[in-house]
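# A closer look at the structure
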Amino acid sequence: MANRVQIRTSSSALIAMIADEDTITGFLLAGVGNVDLRRKTNYLIVDSKTTVKQIEDAFKEFTAREDIAIVLISQYVANMIRFLVDSYNKPIPAILEIPSKDHPYDPAHDSVLSRVKYLFSTESVASGRR
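Read on for a plain summary of the structure. On a predicted model such as this, the values are computed, not experimentally measured, just so you know.

### A few points about the environment of proline 104
- Its place among the elements puts proline 104 in the loop between β4 (94–98) and α5 (111–127).
- Residue proline 104 is classed as exposed on the basis of its relative accessible area, which comes to 69%.
- Proline 104 sits 30 residues away from serine 74 along the chain, and the two C-alpha atoms are 9.9 Å apart.

### Re unusual backbone geometry
- The omega torsion across isoleucine 92 and proline 93 is 0°, close enough to zero to call that bond cis.
- Examined against the element boundaries, proline 93 turns out to sit in the loop between α4 (82–87) and β4.
- Although it is not a glycine, arginine 39 adopts a positive phi angle of roughly 65°.

### A word on the packing of aromatic side chains
- The tally for this structure, following the rule as stated, stands at one aromatic pair.
- On the basis of an interplanar angle of 80° and a centroid distance of 6.0 Å, the ring pair of phenylalanine 59 and tyrosine 88 is categorised as edge-to-face. Of this pair, phenylalanine 59 sits in helix α2 (residues 52–64) while tyrosine 88 sits in the loop between α4 and β4, placing them 29 residues apart in sequence. The pair formed by phenylalanine 59 and tyrosine 88 is uniform in burial state, with each residue classed as buried.

### A look at the nonpolar core
- Counting 20 residues, the largest nonpolar core has Ile18 and Phe59 as the members making the most contacts within it.
- Looking at this core, the elements with two or more residues in it are β1 (14–19), α2, β3 (68–74), α3 (75–80) and α4.
- Per-element tally for this core: the top contributor is α2, with four residues.
- Ignoring any residue separated from it by four or fewer positions in sequence, one finds isoleucine 18 in contact with Ile24, Leu44, Val46, Ile55, Ala58, Phe59, Phe62, Leu72, Ile73, Ser74 and Val77.

### Some points on the pairing of β1
- With five of its six residues buried, β1 lies for the most part within the structure.
- Bridging between β1 and β3 involves five bridges; their strand directions are parallel. In the sheet register, isoleucine 18 faces β3, and the bridge partner there is isoleucine 73.
- As a crossover connection, the stretch from β1 through helix α1 (residues 21–29) into strand β2 (residues 43–45) is right-handed.

### A short note on the sheet that holds β1
- With parallel pairing, the four strands of this open sheet are ordered in space as β2-β1-β3-β4. In this open sheet, the two strands that pair with only one neighbour each are β2 and β4. Looking at each pair of strands side by side, their axes are set apart by 20° on average, direction ignored.
- By the bridge criterion, five bridges tie β3 to β4 in an arrangement that is parallel.

### Points about the pattern of salt bridges
- According to the stated counting rule, one finds eight salt bridges in the structure shown.
- The closest approach of N and O atoms between glutamate 61 and lysine 40, which form a salt bridge, is 3.9 Å. Residue glutamate 61 is located in helix α2, and its partner lysine 40 is located in the loop between α1 and β2; the two are separated by 21 residues in the primary sequence.
- When the shortest N-O distance is used, the salt bridge between arginine 82 and glutamate 97 registers 2.8 Å. Highlighted residues: arginine 82 in helix α4 and glutamate 97 in strand β4, separated in sequence by 15 residues.
- Look at glutamate 97 and you get buried, because its relative accessible area is 7%.
- What emerges from the salt-bridge pattern is a single network uniting Lys40, Glu61, Arg65 and Asp67.

Reading the values: the criteria
Residues numbered from 1 in each chain as written. Predicted model: local features only at pLDDT ≥ 70, side-chain atom pairs only at ≥ 80, totals over all residues. Heavy atoms only, no water. Helix = DSSP H or I, 4+ residues; strand = E, 2+ residues; numbered from the N terminus. Buried < 20%, exposed > 50% of the residue type's maximum accessible area, 1.4 Å probe, protein only. Phe/Tyr/Trp six-rings, centres within 6.5 Å; stacked < 30°, edge-to-face > 60°. Core = buried A, V, L, I, M, F, W, Y, C linked by side-chain atoms within 4.5 Å. Contact = heavy atoms within 4.5 Å. Pairing = 2+ DSSP bridges. Right-handed = clockwise from strand over helix to strand, strands pointing away. Axes fitted to C-alpha atoms, helices over the stretch in contact; angles between N-to-C directions. Salt bridge = Lys/Arg side-chain N within 4 Å of Asp/Glu carboxyl O.

So this is what it looks like as structure tokens:
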């Protein structure tokens, strides 16, 4: 039990988003948006002018913030920084890849789904059920 990660138990946590404008707008209308006192937002709108460096910086910032519990990232954006998404291994904030209007969801590229498949294949091999 010494290896367990301590999960912060605060009264509230934020959802961060890295996605296209339509997806971000939908979540903002649902009340997910936040701007803190330093004028920092919990989202990044990705368009044709957004650089990969900006996406990387936003991902690193959101995963380092203690007030964020979930990072929602459009799958096509996650593919741009796949090395960062796949190397991220902390339980909080959780990284969830979501589809967007213009880019369909591809389960073959989902990092969470691939980790689950790996765990189940390892369990079935270890238990001799394969």
